[in-house]
Amino acid sequence: MYRSGTVMAWNVFRFCTALRGLGSIMILLVLGVVGVTYYAVVLTNYGPSLFSGAGILDALIALAVLLLFHCLLVMLLWSYFSVVFTDPGSVPPSWKPVLDEERGDTDPLTASEFGASPADATNPRVRFCKKCNQLKPPRCHHCSVCGRCVLKMDHHCVWVVNCVGALNYKYFLLFLFYTFLETTLVTLALLPQFIAFFSDGEIPGTPGTLATTFLAFVFNLAFALSVLGFLIMHISLVAGNTTTIEAYEKKTTPKWRYDLGRKRNFEQVFGLDKRYWFIPAYSEEDLRRIPALHGLEYPSKPELESQEF
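Note that the structure is predicted; figures quoted are calculated from it, not measured. (Residues numbered from 1 in each chain as written. Predicted model: local features only at pLDDT ≥ 70, side-chain atom pairs only at ≥ 80, totals over all residues. Heavy atoms only, no water.)

Colleague: Go over the overall build of the protein, please, and point to the residues and values.
Modeller: Counting its secondary structure elements, the protein contains 9 helices and 8 strands. Split into buried and exposed, the 309 residues of the protein put 42% on the buried side. Considering only residue pairs separated by 6 or more positions, the protein has 62% of its internal contacts joining residues 24 or more positions apart. If you sum the accessible surface of the protein, you get close to 17,000 Å²; carbon and sulfur atoms cover 68% of it. (Helix = DSSP H or I, 4+ residues; strand = E, 2+ residues; numbered from the N terminus. Buried < 20%, exposed > 50% of the residue type's maximum accessible area, 1.4 Å probe, protein only. Contact = heavy atoms within 4.5 Å. Areas by Shrake-Rupley, 256 points an atom, 1.4 Å probe, with all protein chains shown as cover.)

See the structure below:
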């Protein structure tokens, strides 16, 4: 039995190590799909249509597609690299809970509990990570891939080569949003060319450009459908002020202590300033007024303060 547990732990370690090694490969894969799509849409189809002289209507359609394509592409890449290069949130070395995070400000921690140590890890009132050898703030979880605790961890995403947590969750949602819009646009823009592949007429273009157009359509259709599913799931998570991990942990609990209503739940992820809702950034005012954006403090319902996770 001990041998089986040892082998399982070793296999999990190898899996986590493999995920770390995927880093640059996944970024190159994303950029590769973007490159193929750009070549098919801009250089092969709609770029030439803009100057072909086929007609004013065709030129206007090509111009509209190209403008929208580039705008969405800029927002997609901005959001993507914001997720990749933004630390999802680490526990400050000196962090200690002043109040009992499970019971709220009506039940402050005692002096001995405030100075919790590894020896106090069995204390149910203090969350402690044995792997990191440190205290854990509310909603914080340990990531085996990153090898550290992450504030309000949602999941480790191989596509962004990073954990998705308190400090980059909004950027991840925007990445999904703009990816869905961009891939949907490309799918619709290349649909006439894709249908032409199955017609009896002659298709203009070289074998290379035709193959690129075909692949770009298939890739973007697949991404649009898959990302739509993820986007719907995360919209429901934001509406309930929960994460993927928390949704699994509380699946048998009808009420959630951090669910403050859809409006306030949304603001804890996107902020109050509407000018920043659709860009991967926060206003200084929001960062000052909303502690949840820093990942260490979260308001909760008083009647559910005793709820433990």
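Colleague: Explain the pattern of salt bridges to me, and be specific about the residues and the numbers.
Modeller: For the structure on display, the rule yields 5 salt bridges. Glu-246 is the salt-bridge partner of Arg-139, the closest N and O atoms lying 2.8 Å from each other. Residue Arg-139 is located in the loop between strand E4 (134-135) and strand E5 (141-143), and its partner Glu-246 is located in helix H7 (residues 244-249); the two are separated by 107 residues in the primary sequence. For the pair shown, Arg-139 and Glu-246 are each scored as buried. One salt bridge connects Arg-288 with Glu-285, and the closest N-O pair in it is separated by 2.5 Å. One end of the pair, Arg-288, and the other, Glu-285, are both in helix H9 (residues 284-289), 3 residues apart, so they sit about a helical turn from each other. (Salt bridge = Lys/Arg side-chain N within 4 Å of Asp/Glu carboxyl O.)

Colleague: Kindly report on the environment of Cys-163, identifying the contributing residues and their values.
Modeller: Tracing the backbone shows Cys-163 in strand E8 (residues 162-164). Along the sequence, Cys-163 and Gly-89 sit 74 residues apart, while their C-alpha atoms lie 9.0 Å from each other. Dropping the residues within four chain positions of it, Cys-163 is found in contact with Pro-88, Cys-143, Cys-146, Val-150, Met-153, His-155, His-156 and Asn-168.

Colleague: Explain helix H6 (residues 207-239) to me, using residue names and the numbers behind them.
Modeller: Relative to the 48 Å expected for 33 residues at 1.5 Å per residue, H6 spans 48 Å between its end C-alpha atoms, a close match to the ideal helical length. Along H6, the positions that sit buried rather than exposed are Thr-209, Thr-212, Thr-213, Ala-216, Phe-217, Asn-220, Ala-224, Val-227, Leu-231, His-234, Leu-237 and Val-238. Among the residues trailing H6, Asn-241 stands out with phi positive, at a value near 50°. (Expected span 1.5 Å × (residues − 1).)

Colleague: Could you give an account of the packing of helix H5 (residues 169-196) against H6, naming the residues involved and the relevant values?
Modeller: The interhelical angle for the contact between H5 and H6, taken along N-to-C directions, is 145°, at an axis separation of 7 Å. Taken as a pair, H5 and H6 cross one another with a handedness that is left-handed. (Axes fitted to C-alpha atoms, helices over the stretch in contact; angles between N-to-C directions. Left-handed = near helix turned anticlockwise from the far one by under 90°.)

Colleague: For the packing of aromatic side chains, give the residues involved together with the corresponding values.
Modeller: Each aromatic ring pair is characterised by the separation of its centres together with the angle its planes make. Summed over all chains, the structure comprises 16 aromatic pairs. Aromatic side chains Tyr-80 and Phe-81 sit 5.2 Å apart centroid to centroid with 75° between the ring planes, which places their arrangement in the edge-to-face category. Taking relative accessible area as the criterion, Tyr-80 reaches 0% and is therefore assigned buried. Taken together, the ring pairs connect Phe-194, Phe-197, Phe-198, Phe-214 and Phe-217 into an aromatic cluster. (Phe/Tyr/Trp six-rings, centres within 6.5 Å; stacked < 30°, edge-to-face > 60°.)

Colleague: I'd like to hear about a nonpolar patch on the surface, residue by residue, with values.
Modeller: A contiguous nonpolar surface patch, about 440 Å² in accessible area, is contributed by Phe-198, Phe-214, Leu-215, Val-218 and Phe-219. Following the sequence through the fold, Phe-198 ends up in the loop between H5 and H6. The class of Phe-198 is exposed, set by a relative accessible area of 59%. (Patch = residues over 30% accessible without salt bridge, like charges linked within 9 Å, V, L, I, M, F, W, Y side chains within 5 Å.)

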